[in-house]
Amino acid sequence: MIYNDFKGLKLSALGMGNMRLPTLNGDDSRIDYEKAAAVIRRAYEGGVNYFDTAHYYHDSQSEGFLGRALAGVPRDSYYLATKLPVWKVESVSDAQAIFDLQLE
């Protein structure tokens, strides 16, 4: 794997996006945990250390799935990015509520 320096972080040149994970019966809200977790594990084993998700990927299931899929992986061995759905934010309290959900 090729790694690039980003502000002192050693990030893999390839990141793993989690917008289109394997699903059950084509239902975007039902991530096929076994298949999707195997994809995550293979990416990590191949040297990927940057994972990207967003609150609304897979009907708001992607963030939680990714947390479960990476459980047991040393937290200091990868970087995780998510995005705030700004179109849903009308106030600071809206942003805080969504951020609290993302942390779950």
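Residues numbered from 1 in each chain as written. Predicted model: local features only at pLDDT ≥ 70, side-chain atom pairs only at ≥ 80, totals over all residues. Heavy atoms only, no water.

Q: Is there a simple way to explain the nonpolar core in this structure?
A: Soluble globular proteins tend to bury their nonpolar side chains together. Among the nonpolar cores identified, the biggest contains 14 residues, and M16, L21, I40, F51, F65, L66 and L70 are the most heavily contacted of them. Counting only elements with at least two residues in this core, the list comes to α1 (33-45) and α2 (62-69). Ignoring sequence-local partners within four residues, the contact set of M16 consists of L21, V39, I40, A43, V48, Y50, F51 and D52. (Core = buried A, V, L, I, M, F, W, Y, C linked by side-chain atoms within 4.5 Å. Buried < 20%, exposed > 50% of the residue type's maximum accessible area, 1.4 Å probe, protein only. Helix = DSSP H or I, 4+ residues; strand = E, 2+ residues; numbered from the N terminus. Contact = heavy atoms within 4.5 Å.)

Q: Whenever I open this one, the sheet that holds strand β6 (residues 50-52) confuses me. Can you help?
A: The strands making up a sheet associate through backbone hydrogen bonding, with each pair oriented either parallel or antiparallel. Ordered in space as β3-β6-β7, the three strands form an open sheet in which the pairing is parallel. Both outer strands of the open sheet, β3 (16-17) and β7 (79-81), are each paired with one neighbouring strand and no more. Bridge analysis of β3 against β6 gives two bridges, and the strand direction is parallel. Pairing of M16 across the sheet is with F51, part of β6. (Pairing = 2+ DSSP bridges.)

Q: Sorry if this is basic, but what is going on with α2 here?
A: Owing to its 3.6 residues per turn, the α-helix aligns residues three or four sequence positions apart on the same side. Three or more residues of α2 are buried, namely S62, E63, F65, L66 and A69. In a view along the axis of α2, the buried residues occupy a sector of 165 degrees, so they form one face of it. (Arc of directions from axis to C-beta.)

Q: For this particular structure, what's the right way to read the packing of aromatic side chains?
A: Two measures describe an aromatic ring pair: the distance that separates the ring centres and the angle between the ring planes. By the definition in use, this model includes three aromatic pairs. Taken together, a centroid distance of 5.5 Å and an interplanar angle of 75 degrees make the contact between Y33 and F65 edge-to-face. A residue pair is termed long-range when its members are at least 10 positions apart, and Y33 in helix α1 and F65 in helix α2 qualify at 32 residues. Given the relative accessible area of 32%, Y33 is considered partly exposed. Since its relative accessible area comes to 1%, F65 is described here as buried. With a centroid separation of 6.1 Å and 85 degrees between ring planes, the pair formed by F51 and Y78 is classed as edge-to-face. (Phe/Tyr/Trp six-rings, centres within 6.5 Å; stacked < 30°, edge-to-face > 60°.)

Spatial relationships are all this shows, so hold off on functional conclusions.
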